[in-house]
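# Overview (structure and organization)
One letter stands for each residue in the lines below.
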Amino acid sequence: MTEVGRNGTDDKARYALERARIDASCRLPTLVWICSGVIWLLIGSTLALFASIKLHSPEWLFPDVSWLTFGRVRAAHLSSVALGWSFSMAIAVSIWQMCRLARCEMIYPKMLIVAAVIWNIGMVVGVVGILIGYGQSVEWLDMPPVVAPFLVTGLGIVAAWTVATFRNRREPHVYVTQWYLLGAMFWMPWLYVTAVLVIFGLDITLLGMNLRFSPATGVVQATTNWWFNHNVLGLWLTPVGVGTAYYLIPKVIGRPVYSYYLSVIGFWALALFYSWAGMHHLIGGPIPAWMASASIVGSMMMLIPVAAVALNHHMTMRGHFHHLRYSPTLRFVVFGAIAYTAVSVQGAFESLKSFSEIAHFTHYTVAHAHLGVYGFYAMIMFGATYYIVPRLTGREWASGRMIRWHFWLTAIGITLYFVSLSIGGWYQGLALIDANIPFIRIVRGTVPYLMSRSVAGILMTIGHVIFATLVVMNVCGFGRSRSGPTLFVEKRVTSVYEPAALSV
Amino acid sequence: MSAPRFLGALTRPRSKALRMTIDDFIVYAVLFGSVVFFGGAAVLALAWAVRDGQFQNFERSSRTIFDPHEPVGQLTDRFPDIRRDGE
C-alpha cells in the first residue's frame, strides 16, 4: 500500500472509530428518549381514535364513563402526542445530533436519563390528571399546573446539557443544524416557563417565604396562550424538524446542502419573524387591532425562511430523488420537508383576515395543525429514528417491508386526514357565516368528513403500531447484527455510491 | 398581596385608568424582562457568530458533516432488504 493510500485508510478508520465512539456514548440516553416517545405515540394515537370517533358517534364505547368523554380524551391526546411523543423525540434526535455535529462523546449521559424519568413522571401525572377531571381549559397547556415543575426541570436539564455539549465541542464550525437545535433548546424553556407563570400564576412557599402572584386574566391570558401554542410549533418543533432535515438529507444522499448561505438566512429569519405569528389565531377576537396586524405581518414574513428552506431542500435533492426508493430515512424526511413547505405557505395565507373569516374556528384549522405537527414534524422524526437507532444498537431493522407499510399507512393517513378535514372545514366555515343555516344542520354536515378523519386515524395508528414493533424488535435484539463502525451500510457500500449496482 | 415598599411609586393608584397592581407589574416584568433577555441573547449570539467567522466560507461549512469515512457521494442509508451485492 502506498503512503497516500495508507494515510487515506488511516483517516477513514480514525473517523469511523470516532463516530462509533460517539454513537456508543449516546446509546442509552437516546434510546430512553426514543422509547419514551414511542410509548406516548401509541397512547396518544389510541386517545386520538377515541376522540375522533366520539365526535361523530358520541354513544360509541362507554358513553357514560366521564373520563372517556370527548373533552377529556381530546385534551389527553393532545398532551400525549405534543408533550409526550413530540418532545421526547425532539430531545432524542437533538442530543444525538449535537454529539455527532460537535464531534464529541456524550457528557453526563446519566443526567439525560434522569431528565427523561422526571419528564415522564410529569407526563403520567398530567395525562391521568386530565382523564380524571383535573385538566385545564388552556389549549396545549391542558395538564394540571402541578406537572409544570416536572416538565421545567426535565427540559432545563436537557437545555443545560446542550449548552455544556456545545462548549465541549471538537468541531469549531457550527453547522446550521446546530443553530436550529441551540435555538430550540434556548427558546422552549423560556416559552414554557413564561406561559405557565402568566397563565396559571404562582403560589409557592420556599424557605418560609411565600411567593405568589395571580394569573393574568382576559385578553393577556388568551394572547399569552396563543403566543405559547404557536411558538411551540415554530420555535421548538420547527427548528428541530428543519434542523434534522438539514442534517439527514445531505448526509443520506451524500451531497452538501445546495446553499449553505440560504440555510443560515432561513434560521435567522425564523428567529426574527416566527414569534410574532401566534396572534393570528385570535383574529376576530377581542384583541387590540395592532396586535392582530403585527401578527399577520409576521406570518407573511415567514414566507422568507420557508422559501429559503424549501428551495434549499429541493435543490439539494435535485437529481437524487431516485434515492427515495432505497432509503427509509430519506422517504420520511423528504415527505416531512414537502409538508413543511405546504403547511407554512398555507399558514401564512391563513392568517389573512379575509381567509380567517371563513376558516377560523372550523375543522380547517385542525387539518392545518395536523399537517404541520404530523405531516411535517412526526414524519421527519420517523425518518430520523430509522437513521439513528441502527447506529445505536448495532442492528439492522428487522423488516424492510414493515418500514414500507409504516410509510404508506402514515403518508396516506395524513393525506386523507388533511384533505377531508380541509374540505369539510371550509364548507363548515362558509355555512357558519350564513345566518340562515341552522347550526345543527352545519354540525350534521361535518359528520362525513369527521368519519373520514377516523378512517385516516386508524391508518396512522396501524402505522404507529408497526413502527413501535420495529423499534422494540431492534432494541430487543431482533434483526441482523452489523459489523463495522457505521453499523448500517459499512459492509456493502464502497467509498463512491453506485446506484446502478442496487437491486431491489 | 400587598406590594413591597420600594414598589409603592409604581403600584400606587393615581387614577382608575392608570392603576397597576403588583400582579400586573409582575406580568409586565416577566414579559418585558424575557423580551429584553432573549432578544439580547439573540443579538449576542449573532455577534459572536460573526466575530468567530461562522459566516465565512460557506462551501467549507456545508461539507463539515462529511469525512473521509462517509465522504461526499456516499449514500448512508437504505432499506434493510435492499442489497447492493445481491446477497
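Reading guide: rules and limits
- Residues numbered from 1 in each chain as written.
- Chains lettered and ligands numbered in written order.
- Predicted model: local features only at pLDDT ≥ 70, side-chain atom pairs only at ≥ 80, totals over all residues.
- Helix = DSSP H or I, 4+ residues; strand = E, 2+ residues; numbered from the N terminus.
- Buried ≥ 20, exposed ≤ 12 C-beta atoms within 10 Å, placed from the backbone.
- Rg over C-alpha atoms; globule rule 2.2 N^0.38 Å.
- Contact = placed C-beta atoms within 7 Å.
- Axes fitted to C-alpha atoms, helices over the stretch in contact; angles between N-to-C directions.
- Parallel < 35°, antiparallel > 145°, perpendicular 65-115°, else oblique.
- Left-handed = near helix turned anticlockwise from the far one by under 90°.
- Nonpolar A, V, L, I, M, F, W, Y, C, P; charged D, E, K, R; others polar.
- pLDDT = per-residue confidence, 0-100.
- Expected span 1.5 Å × (residues − 1).
- Bend = angle between axes of the 7 residues up to and from the residue.
- Core = buried A, V, L, I, M, F, W, Y, C linked by C-beta atoms within 7 Å.
- Pairing = 2+ DSSP bridges.

### Structural notes on the overall build of chain B
What chain B contains, in helices and strands, is three helices and zero strands. Starting at the N terminus and ending at the C terminus, chain B contains elements arranged as α-α-α. Counting only residues that meet the buried cut, chain B has 16% of its 87 residues in that class.

### Comments concerning the overall build of chain A
Each helix and strand in chain A was counted, giving 14 helices and two strands. The C-alpha radius of gyration computed for chain A amounts to 23 Å, which stays within 12% of the reference 23 Å derived for 504 residues, consistent with globular compactness. Dimensions along the principal axes, computed over C-alpha positions, put chain A at roughly 85 × 60 × 45 Å. In chain A, buried positions account for 54% of the 504 residues. For chain A, the proportion of contacts with a sequence separation of at least 24, taken over those separated by at least 6, is 83%.

### Focus: the packing of helix α4 (residues 148–167) of chain A against helix α5 (residues 176–200) of chain A
Residue and element names in this part refer to chain A. One way to put it is that α4 packs onto α5 with a least axis distance of 9 Å and a crossing angle of 155°. Comparing the axis directions of α4 and α5 gives the class roughly antiparallel. Along this stretch, α4 crosses α5, giving a crossing that reads as left-handed. From α4, Ala148, Leu151, Val152, Leu155, Gly156, Val158, Ala159, Thr162 and Phe166 reach across to α5, where they touch Leu182, Met185, Phe186, Met188, Pro189, Tyr192, Val193 and Val196. Here the contact of α4 with α5 is built from residues that sort into 15 nonpolar, two polar and no charged.

### Observations regarding the environment of A:Leu371
All names here are of chain A. When you line up the elements, Leu371 lands in helix α12 (residues 363–393). C-alpha separation for the pair Leu371 and Ile249, spaced 122 residues apart in sequence, amounts to 20 Å. Setting aside residues no more than four positions away along its own chain, Leu371 makes contact with Ala339, Ala342, Val343, Phe376 and Phe418.

### Description of the confidence of the model for chain B
All names here are of chain B. Mean pLDDT for chain B: 75, with 71% of residues reaching 70 or above. By mean pLDDT, helix α1 (residues 8–11) is the weakest element of chain B at 49, and helix α3 (residues 58–62) is the strongest at 87. Note on residues 6–10: pLDDT is under 50 here. Beyond four places in sequence and across chains, it has five contacts. Taken together, the chains of this predicted complex give a pTM of 0.89 and an interface ipTM of 0.81.

### Things to note about the environment of A:Gly429
All names here are of chain A. Looking at the secondary structure, you find Gly429 in helix α13 (residues 400–432). The exposure class of Gly429 is buried, given the 21 C-beta atoms found within 10 Å. Once the C-alpha coordinates of Gly429 and Gly84 are considered, the two residues, 345 residues apart in sequence, prove to be 32 Å apart. Apart from residues lying up to four places away in sequence, Gly429 is in contact with Ile358, Ala359, Thr362 and Tyr364.

### Focus: the packing of helix α10 (residues 328–350) of chain A against α12(A)
Residues and elements named next belong to chain A. Two elements in contact, α10 and α12, have axes separated by 8 Å at closest approach and are oriented at 160°. One element, α10, and the other, α12, form an angle in the roughly antiparallel class. Of the two elements, α10 crosses α12, and the hand of that crossing is left-handed. Class assignment for the residues of the contact of α10 with α12 results in 16 nonpolar, eight polar and one charged.

### Description of α12(A)
Residue and element names in this part refer to chain A. The end-to-end C-alpha distance of α12, which contains 31 residues, comes to 42 Å, matching closely the 45 Å that a straight helix rising 1.5 Å per residue would cover. Maximal helix bending in α12 amounts to about 30°, located at Leu371. Counted residue by residue, α12 has 28 buried out of 31 residues, so it is predominantly covered. Phi for Gly394, located one or two positions after α12, is positive at around 75°.

### Description of the nonpolar core
All names here are of chain A. Among the nonpolar cores identified, the biggest contains 166 residues, and Cys99, Val158, Ala184, Met188, Trp236, Val333 and Ile380 are the most heavily contacted of them. In terms of residue count, helix α2 (residues 70–102) provides more of this core than any other element does, 20 residues in total. Other than its neighbours up to four places away in sequence, Val158 contacts Ile91, Leu112, Ala115 and Met185.

### Here's the deal with the pairing of strand β1 (residues 202–206) of chain A
Residues and elements named next belong to chain A. Within β1, only zero of the five residues are buried, which leaves the element largely exposed. Examined bridge by bridge, β1 and strand β2 (residues 209–213) share five bridges and lie antiparallel to one another. The partner of Thr205 across the bridge, within β2, is Asn210. Linking two consecutive strands that pair antiparallel, namely β1 and β2, is a turn of two residues; a positive phi of about 50° is found at Leu207 within it.

### So, helix α7 (residues 260–273) of chain A
Here α7(A) is 14 residues long and its end C-alpha atoms lie 20 Å apart, about the 20 Å a rise of 1.5 Å per residue gives. Burial in α7(A) covers these residues: A:Tyr260, A:Leu262, A:Ser263, A:Gly266, A:Phe267, A:Leu270, A:Ala271 and A:Phe273. Close packing links the buried residues of α7(A) with α5, α6 (218–253), α8 (289–301) and α9 (303–317) of chain A together with α2 (22–51) and α3 of chain B.

### What to know about the environment of A:Val158
Structurally, A:Val158 is set in helix α4. Along the primary structure A:Val158 and A:Pro239 are separated by 81 residues, whereas in three dimensions their C-alpha atoms are 16 Å apart.

### So, the confidence of the model for chain A
Summing up the model confidence of chain A, the mean pLDDT is 90 and the portion of residues at 70 or higher is 94%. Below pLDDT 50 for its whole length, residues 483–504 of chain A participates in 45 contacts with residues either more than four positions away or in separate chains.

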